[in-house]
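# An overview of the molecular structure
Here's the letter readout for the chains.
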Amino acid sequence: MNNIYFKILRPGINTTIQDIGRNHLYHVGITVSGAIDQRNYKIANRLVDNESDEAVIEFAYQGPLLKLKNGKINLTITGDILFKIIRQNLKVEDGICYKSYILEDEDQIDIISTKNTAYGYLSVNGGFKLHKEWNSYSTNTKANVGSNNGKKYSLGDKIFIKNDDLKISKEKKINYKQSLDNMIRVIKGTNFDYFSSEAQSNFFTKKFSVTNLVDRMGIRLNGPKLENIVSSNIKSEGLVRGVIQVPADGNPIVMLSDHGTIGGYPKIGTVISADLDRVGQLTPGTKIQFKEVSLEEAQNIFKAYTDDTNKYLNECN
Amino acid sequence: MIKNISNLGDAAIYCDFGSEVNEKTNLSVISYFNNISRLVQENKISGINNITPSYNKLIISFDLTTTNYLEIKDFIVNLEIKDEKKDNPKAIKIAVCCEDEFGLDFNRLTEKLKLTKKQILELYLNKQYFCYMTGFIAGMPFLGDLNEKIRCNRLETPRIKVPKGSVGITEQFTNIYTFESPGGWNIIGNTPLKIFDKLNLEEPVLIKPGDKVSFYQISKEEYIGWDE
């Protein structure tokens, strides 16, 4: 009917479409992609009454400046985000995260920056007019698969919105505070014994800082050099999100959603599933520490984390 | 056969087929991969997200909200799988242009291997290679084994951008960069063939694990005029 869309007046640093991710393709070299912070992704959809697997806009650090054209929508922003809504009459409102807003024709939303975290999410009621590619909307910039031809958004691009029949739902808001706990829980890796006993001990007792080399593929850390006493290469093998590889320089790298599907560096550990959202949100300069947990503990922590996520999702109703 | 099974984090299982990299071990990995993939498609097992075969490992990631390590391990241990005998592996011929514009590392290779470019290419083209796995980037095949005379280490400093289509060699392996990507392999040529086609939903990759691959040279004119 109306062809409602966002016009991108400023694309931001890394603005893409994401969802729960794309599975069953690791064996051809296509990684999982998907929102880095799955909890904030889910809350974003729920706050605007979407199905849990709808596509959202993910942005990193500096977000986009978007102008709404041809209609009226219901949107929300999740994360730890500084943003403003610039109304058509140029009245500016300070944005509040985890709150749904009505955006009118010609209004603008200016996502200035993330605060203490790396990623944030913008969802609109009804989702975006996009096609799934291999069962997912997620933009994979490495294989140019998914929304926007697998590319991040640029100046002047348009993002079309599906819902041209907006039911004005009641305003929703939840109180959610992003956890900034810097203790990351890890299960020992398949090559843990490649490392000297000092390295093994340092890994779980010393602090590591997040370097500037962070993106959707992974996070490079800097700390006490982890000495490898066997070999700094293994026969290339599969990777999954959360795996911590240590190349010859002794500095660990944590794999995130866009990681290469195989890798040849020893695996010292794997971040537990419950801490993946938090790891993905780490920003350069942050100091973190790893803590060892057992498989059983990790499963229990994941159960508690999932229950907690569901609690917030229920509060959105 | 699987020698050892362990967990990789809390949402993946790590099957180790032994330390050797050879066709026999890899065919065993591929058998498991093919069989488990079929069972996933037929909904005989739920919760599996991804299965990644490599030279001598099989890694299976799963959805921790619906299953767990012990359940998946139990499923794997009870599978009865005969090692795949590929009687008629698919044979694929790849056109490659090795003229200086594309063969970026012949200076390095001739120096390190003490062979001429012509000798290197003769040894390279005169062999059929086995595809061990695909991955790292979409559709990239890892093929082997190279003649021992042309085995060479990676570049000391990897390239930030290896051109799309580049054919590389390192150690006993050869590969094809299906996308522009960072990489440290010695580049000997470039293929105009589309190795990865995202629009081909049934068979997005031209070369699959277990296939046999050989290369033949084309001129720059043929490269430029290539039409699939």
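Cut-off values and rules
- Residues numbered from 1 in each chain as written.
- Chains lettered and ligands numbered in written order.
- Predicted model: local features only at pLDDT ≥ 70, side-chain atom pairs only at ≥ 80, totals over all residues.
- Helix = DSSP H or I, 4+ residues; strand = E, 2+ residues; numbered from the N terminus.
- Rg over C-alpha atoms; globule rule 2.2 N^0.38 Å.
- Buried ≥ 20, exposed ≤ 12 C-beta atoms within 10 Å, placed from the backbone.
- Contact = placed C-beta atoms within 7 Å.
- Pairing = 2+ DSSP bridges.
- Axes fitted to C-alpha atoms, helices over the stretch in contact; angles between N-to-C directions.
- Nonpolar A, V, L, I, M, F, W, Y, C, P; charged D, E, K, R; others polar.
- Domains from an automatic or database assignment.
- Parallel < 35°, antiparallel > 145°, perpendicular 65-115°, else oblique.
- Left-handed = near helix turned anticlockwise from the far one by under 90°.
- Core = buried A, V, L, I, M, F, W, Y, C linked by C-beta atoms within 7 Å.
- pLDDT = per-residue confidence, 0-100.

### Some points on the overall build of chain B
Broken down by element type, chain B carries five helices and 13 strands. Taking 2.2 N^0.38 as the reference for a compact globule, 228 residues should give roughly 17 Å; the C-alpha atoms of chain B span a radius of gyration of 19 Å, in line with that estimate. C-alpha atoms of chain B, sized along the principal axes, occupy 55 × 35 × 35 Å. Within chain B, buried positions represent 43% of all 228 residues. Of the contacts formed within chain B by residues at least 6 apart in sequence, a portion of 63% connects residues at least 24 apart.

### Focus on unusual backbone geometry
Put simply, B:G144 and B:D145 share a cis peptide bond, and its omega is 0 degrees. Here B:D145 shows up in the loop between β7 (141-144) and β8 (159-162). Phi is positive for A:Y98, close to 60 degrees, though the residue is something other than glycine. One can find A:Y98 in the loop between β7 (92-94) and β8 (100-103). One non-glycine residue, A:W134, lies in the positive phi region at around 50 degrees. C-beta crowding within 10 Å serves as the criterion here: with 18 such atoms nearby, A:W134 is assigned to the partly exposed category.

### Here we look at the sheet that holds strand β11 (residues 158-160) of chain A
Residues and elements named next belong to chain A. In spatial order, the strands read β7-β6-β9-β4-β1-β11; together these six strands make up an open sheet with antiparallel pairing. Looking at the sheet topology across the chains shown, the edges are occupied by β7 and β11. When strand polarity is set aside, the average angle formed by the axes of neighbouring strands in this sheet is 25 degrees. Where strand β6 (residues 81-86) meets β7, three bridges bridge the pair, whose relative direction is antiparallel. Paired with K84 across the two strands is D94, which belongs to β7.

### Quick word on the interface of chain B and chain A
The interface is formed by 36 residues belonging to chain B together with 31 residues belonging to chain A. Going through the elements one at a time, β1 (4-7), β2 (12-16), β3 (48-53) and β4 (57-62) of chain B are the ones with two or more residues in the side of chain B that touches chain A. With five residues, β3(B) is the single largest residue contributor to the side of chain B that touches chain A. Class assignment for the residues of the side of chain B that touches chain A results in 19 nonpolar, 14 polar and three charged.

### Remarks on the pairing of strand β6 (residues 129-134) of chain B
Residues and elements named next belong to chain B. Of all six residues that make up β6, five are buried, and the element is covered over most of its length. In terms of strand pairing, β6 meets strand β13 (residues 212-217) through two bridges, oriented antiparallel. In the strand pairing of β13, F130 is matched with K212. In this sheet, β7 lies alongside β6 in antiparallel orientation, the contact comprising four bridges. The residue of β7 that forms the bridge with T134 is P141. The antiparallel pairing of β6 with β7 creates a hairpin that spans six residues between the two strands, and G135 there sits at a positive phi of about 150 degrees.

### Overview of the domain arrangement of chain A
Residues and elements named next belong to chain A. Considered domain by domain, chain A is made up of domain 1 (5-160) and domain 2 (183-314). Here the C-alpha centroids of domain 1 and domain 2 sit 27 Å apart. Taken together, the 20 residues of domain 1 in the interface contact 18 residues of domain 2. A total of five residues in the side of domain 1 that touches domain 2 trace back to one element, the largest contributor, which is helix α1 (residues 38-47).

### Quick word on the packing of α1(A) against helix α5 (residues 295-315) of chain A
Residues and elements named next belong to chain A. Contact geometry of α1 with α5 gives a least axis separation of 9 Å together with a crossing angle of 20 degrees. The angle between α1 and α5 falls in the class roughly parallel. Where α1 crosses over α5, the two elements pack in a sense that is right-handed. Residues R39, K42, I43 and R46 of α1 form the contact with α5, whose own contacting residues are T309, Y312 and L313. Grouping the constituent residues of the contact of α1 with α5 by class yields three nonpolar, one polar and three charged.

### Considerations on the nonpolar core
By size, the foremost hydrophobic cluster in this structure holds 141 residues, and its most contacted members are A:V254, B:A12 and B:I60. Ranked by residues supplied to this core, first place goes to helix α1 (residues 23-41) of chain B with five residues. Setting aside chain neighbours within four positions, we find B:A12 in contact with A:V240, B:I59, B:I60, B:S61 and B:F62.

### Quick word on the pairing of strand β4 (residues 65-69) of chain A
Consecutive residues of a regular strand have side chains that alternate between opposite faces of the sheet. All names here are of chain A. Relative to β4, strand β1 (residues 5-10) is paired through five bridges, and the arrangement is antiparallel. Its bridge partner being in β4, K7 is matched across the sheet by K67. Of the strand pairs in this sheet, β4 and strand β9 (residues 108-114) are connected by three bridges, and their pairing is antiparallel. Bridge pairing in β9 places L66 opposite I109.

### Structural notes on the confidence of the model for chain B
In this model, chain B carries an average pLDDT of 94, and 97% of its residues clear a pLDDT of 70 or more. The complex model carries a pTM of 0.94, and its ipTM stands at 0.95.

### Considering the domain arrangement of chain B
The figure often quoted for interface size is the accessible area lost as the parts come together. Residue and element names in this part refer to chain B. As assigned here, chain B comprises domain 1 (4-77) and domain 2 (91-224). Just the C-alpha atoms count here: the centres of domain 1 and domain 2 sit 28 Å apart. When contributions to the side of domain 1 that touches domain 2 are tallied by element, the ones reaching two or more residues are α1 and β3. Residue contributions to the side of domain 1 that touches domain 2 peak at four residues, all from α1. Taken together, the residues of the side of domain 1 that touches domain 2 break down into four nonpolar, three polar and one charged.

### Things to note about the environment of A:E51
All names here are of chain A. In this structure, E51 sits in the loop between α1 and β3 (56-60). In this structure E51 comes out as exposed when scored by C-beta crowding, with 9 C-beta atoms within 10 Å. Placed 241 residues apart in sequence, E51 and E292 show a C-alpha to C-alpha distance of 36 Å.

### Focus on the sheet that holds strand β19 (residues 267-271) of chain A
Residue and element names in this part refer to chain A. Taken together, the seven strands give a closed barrel; going around it, the order is β12-β19-β16-β17-β14-β13-β20, and neighbouring strands pair in mixed fashion. Shown here is a sheet whose adjacent strand axes are inclined to one another by a mean of 40 degrees, direction ignored. As defined by bridge partners, strand β12 (residues 183-188) adjoins β19 across three bridges and the pair is classed as antiparallel. The residue of β19 that forms the bridge with V186 is V271.

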